[in-house]
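Listed below, chain by chain, are the residues.
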Amino acid sequence: MDNLSLPFVPHLLTTITPPLLLPHRQFSKTQNVDYLTGRVWIGFWLMVIVIITVAFEGSLLVRYISPFTQEIFAFLISIIFIYETFHNLYEVFEENPLLKTYPPIPQVNTNLSHQLIQSDQQMQPNTALLSLVMMVGTFFIAYFMRKFRNSRFLGGKARRIIGDFGIPIAILVMVLVDISVTDTYTEKLNVPLEFSVTSPEKRGWFIHPMGKDQNFPTWMIFGSAIPALLLFILIFMETNITTLIVSKKERRLVKGSGFHLDLLLIGLAGGFCGIFGLPWQTGATVRTIAHVNALTVMSKSTAPGETPRIEEVKEQRITGITVALLVGLSVVMSKILQLIPMSVLFGIFLYMGVTSLTGIQMSERLLLLFIPSKHHPDHVYVTKVKTWRMNLFTMIQLICVAVLWVIKSTIISLAFPFFLILTVPTRRYLLPKVFKERELMVLDSEETHPNLDEDGHDEYSELHMPL
């Protein structure tokens, strides 16, 4: 990387998953310790750990994180997005069940508040059905707008503009649909109308490091280093794995990636977030991949049957800064944001989860489990590895995803970072005992076409169909 060029930083930040913080909150309750004050010291320890790690160039440890771990993590995050979408939709149907008969709607006096009218309409089945329509509609509009970029209709610039703004177009269309259906209630995005803390009657903007009554125990000051270490591991893994996925060789990035810079900024921001009671931030894998995909320019002239390749990625900071500014402006856009139905956001989450699965080799190999071998594509991991060996590698990754899912969903979710790290020694020490080195070079390679030293190896013995 040119020393004069700054690294390309495409990360969009997201909050740490709440279930991973649940054990710390429960521990604070059992010990009668203020949870928010404990978060302040966790943030301080996080800053110390991050500064030490960056000073000693600890991000170099990412060299041991192979695509085996990257694919497991990216696949898990995408599946979480998809699962949460349908889980939220299920809750809508649970609150508004579809029954054979319904009680008559009581006549509501027009002088009553609008909130009472909403409460009567909220129990109607049309709420669930309309939510389903808007979720599916949002997903398909955004998805086909994305596909429209590579179609033959209109000019190239017009297709690119429509494809890039597919999500805003989908949101706008579905909001207009929701407004036009006046006799059915749908839950809207809950946005506060004033800029304040969640509970102004309980606390202010600043959280004192020693607690409200200056009685925070001294032993918890040092004990907070343990959850801070767990938090650091999660931030380290998620931020750097996201960077590794984005900076793959086939993307042809010129400006490189700032591993240490990303980690330092996110870690220092975490310390200040604790002081103000804000959630900790980390790199968002799904949104970052979607962001980079929107900046990717594919090749236009390809031979018949040839897969389009990436020509370049528009490496700049305008879109990232614009996203940050729009997030900040959302504070003064409360009345507009309250018009967006929650089901529309469900469709966006589904879109982000599905589109993020594309390009992950694990998801491609997972589909090959249900396709006859004679119809498999001409990929290097298909032609160089026997089908049952390739499927075995896929199943091992799928088992790792299932284990991580169970851990994330249980009371031991705080140990999620440790189990994620265990995938690294699994790849380095266990898989070489099951697979040959040349098989791992193909199935777990950073390059789409790894350089195999065949040494006269007979490839005809591995063909799926006899000659």
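Everything discussed here concerns the structure shown above.
Predicted model only: the values in this text are computed from it and were never measured. (Residues numbered from 1 in each chain as written. Predicted model: local features only at pLDDT ≥ 70, side-chain atom pairs only at ≥ 80, totals over all residues. Heavy atoms only, no water.)

## Considering the environment of P425
Step number 1: For P425, the location among the structural elements is in helix α19 (residues 423–430).
Step number 2: Once the C-alpha coordinates of P425 and Y64 are considered, the two residues, 361 residues apart in sequence, prove to be 8.9 Å apart. (Helix = DSSP H or I, 4+ residues; strand = E, 2+ residues; numbered from the N terminus.)

## A word on the pattern of salt bridges
Step number 1: In total, this model carries 3 salt bridges according to the counting rule given.
Step number 2: Across the pair E439 and R389 runs a salt bridge whose closest N-O atoms are separated by 2.8 Å. With E439 in helix α20 (residues 437–443) and R389 in helix α17 (residues 387–408), this residue pair connects regions lying 50 residues apart in the sequence. The pair formed by E439 and R389 is uniform in burial state, with each residue classed as buried. (Salt bridge = Lys/Arg side-chain N within 4 Å of Asp/Glu carboxyl O. Buried < 20%, exposed > 50% of the residue type's maximum accessible area, 1.4 Å probe, protein only.)

## A closer look at a nonpolar patch on the surface
Step number 1: There is a patch of nonpolar side chains on the surface, built from F195, W205, F206, F272, F276, L278, L326, L329, V331 and V332 and spanning about 1,100 Å² of accessible area.
Step number 2: Within the secondary structure layout, F276 lies in the loop between α10 (259–275) and β2 (281–283). (Patch = residues over 30% accessible without salt bridge, like charges linked within 9 Å, V, L, I, M, F, W, Y side chains within 5 Å. Areas by Shrake-Rupley, 256 points an atom, 1.4 Å probe, with all protein chains shown as cover.)

## Observations regarding the packing of helix α3 (residues 67–95) against α17
Step number 1: In the contact formed by α3 and α17, the axes pass within 10 Å of each other and the chain directions differ by 55 degrees. In terms of their interaxial angle, α3 and α17 are classed as oblique. In terms of crossing hand, the pair formed by α3 and α17 is right-handed. In this structure, α3 contributes P67, F68, E71, I72, F75, L76, I79, I80 and Y83 to the contact, and α17 contributes F393, I396, Q397, L398, C400, V401, L404, W405 and K408. (Axes fitted to C-alpha atoms, helices over the stretch in contact; angles between N-to-C directions. Parallel < 35°, antiparallel > 145°, perpendicular 65-115°, else oblique. Left-handed = near helix turned anticlockwise from the far one by under 90°. Contact = heavy atoms within 4.5 Å.)

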